[in-house]
Number of protein chains: 2
Amino acid sequence: MRIAVLGVGLIGGSIGLAARERIEDAEVVGYGRSPERLERARKLGAIEVAAGSLAEALDGAEACFCCGPVGALEAQARDALAAAAGDCAVTDVGSVKAPLVAAVDDERFVGGHPVAGAETSGVEHARADLFEGAVWYLTPTARTAGVLLERVHRLVGRLGARPTAIDPAAHDRLMATVSHLPHVLANVLVAQVAATLDDERKPLTATGPSFRDATRVAGANSAIWIDIYISNREALGRAIDETIRRLEGARDDLAAADARALAEWNDGAAGDRRRLLEAQLAGGPVHELRVSVPNRPGVIAQLALELGAAGINISDMALYPAADMSEGVVALWIAGESAARRAQDLVAGLGHPVARA
Amino acid sequence: MRIAVLGVGLIGGSIGLAARERIEDAEVVGYGRSPERLERARKLGAIEVAAGSLAEALDGAEACFCCGPVGALEAQARDALAAAAGDCAVTDVGSVKAPLVAAVDDERFVGGHPVAGAETSGVEHARADLFEGAVWYLTPTARTAGVLLERVHRLVGRLGARPTAIDPAAHDRLMATVSHLPHVLANVLVAQVAATLDDERKPLTATGPSFRDATRVAGANSAIWIDIYISNREALGRAIDETIRRLEGARDDLAAADARALAEWNDGAAGDRRRLLEAQLAGGPVHELRVSVPNRPGVIAQLALELGAAGINISDMALYPAADMSEGVVALWIAGESAARRAQDLVAGLGHPVARA
């Protein structure tokens, strides 16, 4: 099966690598604006053929993945559909779906969004296993040809992902809250903290680990994110309004010094977060260990190595360094009760105080 | 010098350990409600003497640290002052200062707040180096006896901290934004995401790494945090109002699809965060490396070990696992340009694609 990949970066490159590794008869043809990037993708094995034109890329293709940035996807999909054969399925990988699906009204088009790998870019970071176990949303409409939807669905599954059909508007509402809103909140928090420290004439050193964790995603790559924000502005605007309502509620409970309401709200958040993290984990409920470690390099390595050697995977990890930013307390999230118990014993055996959080 | 520590948990225990290790003539006497906890602290070496009563603890003490929970500090400080000699300095370690300082009007009292170690609790996690390099706020008033302020200042410095005098109200405004607000936002985000997934009848698995990072501090221990929230409700309420104003601004720029304003806002957040993180680091500007790693245990350990062996300290670390929650991309924050460059070479030498973020 000939597969065209338009735009060979992290996602396009990973589609190519996965297809070539996992689909026996796949022939992956790449096309993109930069001949240098295309050649690099070919050398890295992400594509077999670097096409000289869009027409060449689509020639004989049974499926085409549009992997451009969100703001360019409408034009890319239209061009691909114009060049593609009548029985070629065209899909995309953008993280906002409703405007694109509404604009590209063609029975050969299936909107798509693999939930994977937004943290790096470039074909150098492409991996054949990027989509392994990842949800890959598909947003077919009443017009979509059944045979082509089935082809994209099967293809995405063979890339290792879990294809999941969803209404485009529902998809965008979901992403607005789950992905785009956290970025907005991190941006707002960073700006507010910086402004407060400036106003109070306090050194910028006065932030702590809670600030660091809460703002890790602040100021994400504008070249990617402004497109996403604007493309999903309706749903994101509504999500922000909902956040404002919730903040007003918290502020009112505070003003009333309503300890019971605040405890309910706080405990509710703790429960919700546990529920959400647990659901993400195949290995069972997630357990959090808090380990006190001395301030020297190599300690975290030793910890991770010891658990790794025992076959225990650390689902997530967070360091809470002392104010001098060397280590202090490390939180480890381990999936599964027995793995967590073994991890706790191993860590204790290394001489570090460890507790369940 | 006889030092009384009232409430021997993480902070009180660390004060005891640090004093006994670093102050030659220190004799640390502990007192607390639970005889078992007190005995454990004595066995762990955090205190030398477990006092049988408050009067016994204060008898002959030159300094007293009140280490109870925020909501109990006023009573604890009053009781300590009633039992203490006329030349004994009494201080506390609570993270909200203005209400306490206003309530405890005594020339022997100096409000205090070491910015350290909120991530664990219990004397088992106490460490002699917990305050090493940490800011320790002191909030003297016009009434405070100079000789006693000087004693507390010097004492806190000898525990390894950097004593920093601050107006109590300024302290509370600062903490409201830098520490308490991130917790509020994390709580709100978790609740909103959970409610959205429920409303949309979507599986709870549909969250990603940005959500996980942004909500790490959600649902912090209610027994500690409700006290803090309520005690600092005025400043925190104003910080929340400011957040609401900022969110309204972002929402309006979104509604107007104002790409320029959004890019300015987003790039501003990126710049602010870099500025804040850099300021925290003794070793120079912080650099972020993004490393793609295969999905198997031990890889992160190998990375950390390799850097540790080269004497490169990882200031901060974040895993962005693929949807199956095993590893995927790991972000490493390294202080200092030359250390970051060496780290990049070492990681590349291990065969992992690595890029500056």
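Each remark here, short or long, concerns the structure printed above.
Quick caveat: nothing in here was measured; it's all calculated off a predicted structure. (Residues numbered from 1 in each chain as written. Chains lettered and ligands numbered in written order. Predicted model: local features only at pLDDT ≥ 70, side-chain atom pairs only at ≥ 80, totals over all residues. Heavy atoms only, no water.)

Let's shift gears to the overall build of chain A. Across its full length, chain A carries 13 helices and twelve strands. By its C-alpha atoms, chain A is 65 × 50 × 40 Å across when sized along the principal axes. By sequence separation, contacts in chain A at least 24 residues apart represent 69% of the contacts at least 6 residues apart. The distance from the centre of the 36 positive side-chain charges to the centre of the 47 negative ones in chain A is 2 Å. (Helix = DSSP H or I, 4+ residues; strand = E, 2+ residues; numbered from the N terminus. Contact = heavy atoms within 4.5 Å. Lys, Arg positive; Asp, Glu negative; His and termini not counted. Charge placed at Lys NZ, Arg CZ, Asp CG, Glu CD.)

Bringing the packing of helix H7 (residues 168–199) of chain A against helix H7 (residues 168–199) of chain B into the picture now. For the pair H7 of chain A and H7 of chain B, interaxial distance at closest approach is 11 Å and the crossing angle is 170°. Relative to H7 of chain B, the element H7 of chain A lies roughly antiparallel. Counting all contacts with H7 of chain A, which are made through Leu174, Thr177, Val178, Leu181, Pro182, Leu185, Leu189, Gln192, Val193, Thr196 and Leu197 of chain A, the residues of H7 of chain B involved are Leu174, Thr177, Val178, Leu181, Pro182, Leu185, Leu189, Gln192, Val193, Thr196 and Leu197 of chain B. Counted by class, the contact of H7 of chain A with H7 of chain B contains 16 nonpolar, six polar and no charged residues. (Axes fitted to C-alpha atoms, helices over the stretch in contact; angles between N-to-C directions. Parallel < 35°, antiparallel > 145°, perpendicular 65-115°, else oblique. Nonpolar A, V, L, I, M, F, W, Y, C, P; charged D, E, K, R; others polar.)

Once that is clear, we can look at the pairing of strand S11 (residues 328–335) of chain B. All names here are of chain B. Across the eight residues of S11, eight count as buried, placing the element largely inside the fold. Both strand S9 (residues 286–292) and S11 contribute to a ladder of seven bridges, which runs antiparallel. Across the sheet, residue histidine 287 finds its bridge partner in S11, namely isoleucine 334. (Buried < 20%, exposed > 50% of the residue type's maximum accessible area, 1.4 Å probe, protein only. Pairing = 2+ DSSP bridges.)

Per the stated rule, a full pass over the model turns up eight aromatic pairs over all chains. Relative to tyrosine 229 of chain B, the ring of tryptophan 225 of chain B lies with its centre 5.6 Å away and its plane at 50°, an arrangement referred to as tilted. Taken as a pair, tryptophan 225 of chain B and tyrosine 229 of chain B lie in helix H9 (residues 222–231) at a separation of four residues, close to a single helical turn. What makes tyrosine 229 of chain B buried here is its relative accessible area of 1%. Following the ring pairs from residue to residue traces out a cluster consisting of Phe65, Phe131 and Trp136 of chain A. (Phe/Tyr/Trp six-rings, centres within 6.5 Å; stacked < 30°, edge-to-face > 60°.)

On to the sheet that holds strand S5 (residues 89–92) of chain A, then. Residue and element names in this part refer to chain A. Pairing is mixed across the open sheet formed by eight strands, whose spatial order is S3-S2-S1-S4-S5-S6-S7-S8. Each having just a single partner strand, strand S3 (49–50) and strand S8 (162–165) make up the two edges of the open sheet. As paired strands, strand S4 (residues 63–66) and S5 are joined by four bridges and run parallel to one another. Looking across to S5, one finds that alanine 63 is bridged to alanine 89.

What follows concerns a negative patch on the surface. All names here are of chain A. Taken together, the side chains of Glu24, Asp25, Glu62 and Asp87 define an acidic patch exposed on the protein surface. Along the polypeptide, glutamate 62 turns up in the loop between helix H3 (54–58) and S4. In this structure glutamate 62 comes out as partly exposed when scored by relative accessible area, which is 34%. (Patch = residues over 30% accessible without salt bridge, like charges linked within 9 Å, V, L, I, M, F, W, Y side chains within 5 Å. Areas by Shrake-Rupley, 256 points an atom, 1.4 Å probe, with all protein chains shown as cover. Salt bridge = Lys/Arg side-chain N within 4 Å of Asp/Glu carboxyl O.)

Here we take up the environment of alanine 340 of chain A. All names here are of chain A. Positionally, alanine 340 belongs in helix H13 (residues 337–349). Using a relative accessible area of 0% as the deciding quantity, one classes alanine 340 as buried. The spacing of alanine 340 and glycine 308 is 32 residues in sequence and 13 Å in space, taken between C-alpha atoms. Beyond its immediate chain neighbours, meaning those up to four positions away, alanine 340 contacts His287, Leu289, Ile334 and Arg356.

With that settled, the discussion passes to unusual backbone geometry. Of note, the phi angle at alanine 257 of chain A is positive, near 50°, even though the residue is not glycine. Secondary-structure assignment places alanine 257 of chain A in the loop between helix H10 (233–255) and helix H11 (259–280).

Before going further, it helps to spend a moment on the sheet that holds strand S6 (residues 109–114) of chain B. What the eight strands build is an open sheet, ordered S3-S2-S1-S4-S5-S6-S7-S8 (chain B); its pairing is mixed. Only two strands of the sheet have a single neighbouring strand rather than two, namely strand S3 (49–50) and strand S8 (162–165) of chain B.

Right, let's get into the pairing of S6 of chain B. Residues and elements named next belong to chain B. Within S6, six of the six residues are buried, which leaves the element mostly enclosed by the surrounding structure. Here S6 shows a buried face lined by Phe109, Gly111 and His113 and a second buried face lined by Val110, Gly112 and Pro114. With two bridges joining them, strand S5 (residues 89–92) and S6 adopt parallel strand pairing. Each bridged residue has a counterpart across the sheet, and for valine 90 the counterpart in S6 is phenylalanine 109. The β-α-β motif built from S5, the intervening helix H5 (residues 98–103) and the parallel element S6 has right-handed crossover chirality. In this structure, S6 lies alongside strand S7 (residues 135–139), joined through four bridges in antiparallel fashion. (Right-handed = clockwise from strand over helix to strand, strands pointing away.)

What follows covers the pattern of salt bridges. Residue and element names in this part refer to chain B. Summed over all chains, the structure comprises 42 salt bridges over all chains. Across the salt bridge formed by arginine 143 and aspartate 105, the nearest N and O atoms sit 3.5 Å from each other. Of the two residues, arginine 143 is situated in the loop between S7 and helix H6 (146–158) and aspartate 105 in the loop between H5 and S6; the sequence distance between them amounts to 38 residues. The exposure class of arginine 143 is partly exposed, given its relative accessible area of 43%.

With 23 residues, helix H10 (residues 233–255) of chain B should reach 33 Å at 1.5 Å per residue; the first-to-last C-alpha distance of 32 Å fits that figure. Along H10 of chain B, the residues classified as buried are Ala235, Leu236, Gly237, Ala239, Ile240, Thr243, Ile244, Leu247, Ala250 and Leu254 of chain B. (Expected span 1.5 Å × (residues − 1).)

On to the side chain of arginine 290 of chain B. Residue and element names in this part refer to chain B. Relative to the elements of secondary structure, arginine 290 occurs in strand S9. The exposure class assigned to arginine 290 is buried, which follows from its relative accessible area of 12%. Engagement of the side chain of arginine 290 in a polar contact is seen with the side chain of glutamate 288, the distance being 2.6 Å. (Polar contact = N/O pair within 3.5 Å; in protein donor to acceptor, adjacent residues only side chain to side chain.)

Moving on: the packing of H7 of chain A against helix H9 (residues 222–231) of chain A. Two measures define how a pair of helices packs: the angle their axes make with one another and the distance between the axes. Residues and elements named next belong to chain A. Axis separation between H7 and H9 bottoms out at 11 Å; the angle between their running directions is 115°. Here H7 is positioned roughly perpendicular relative to H9, judged by the angle of their axes. Judged by the sense of rotation from one axis to the other, the crossing of H7 with H9 is left-handed. Side by side, H7 and H9 meet where Ser179, His180, His183, Val184 and Asn187 of the first sit next to Trp225, Ile228 and Tyr229 of the second. (Left-handed = near helix turned anticlockwise from the far one by under 90°.)

A word on the environment of aspartate 172 of chain B. Residue and element names in this part refer to chain B. Among the structural elements, aspartate 172 can be located in helix H7. Residues aspartate 172 and leucine 254, spaced 82 residues apart in sequence, show a C-alpha to C-alpha distance of 33 Å. Discounting residues that sit within four places of it in the chain, aspartate 172 has contacts with Val96, Lys97, Ala98, Pro99, Asn232 and Ala235. From its side chain, aspartate 172 meets the backbone nitrogen of lysine 97 in a polar contact 2.8 Å long.

Another aspect to go through is the side chain of histidine 352 of chain B. Tracing the sequence through the fold places histidine 352 of chain B in the loop between helix H13 (337–349) and strand S12 (354–356). Ignoring sequence-local partners within four residues, the contact set of histidine 352 of chain B consists of Val291, Ser292, Val293, Pro294, Val299, Gln302, Leu303 and Val347 of chain B.

On to the state of the cysteines, then. All names here are of chain A. Scanning all chains against the criterion turns up zero disulfides over all chains. Not engaged in a disulfide, the cysteine cysteine 66 finds its nearest cysteine sulfur in cysteine 64; these two sulfurs lie 4.4 Å apart. Cysteine 67 forms no disulfide, and the closest cysteine sulfur to it belongs to cysteine 66, at a distance of 7.2 Å. (Disulfide = S-S within 2.5 Å.)

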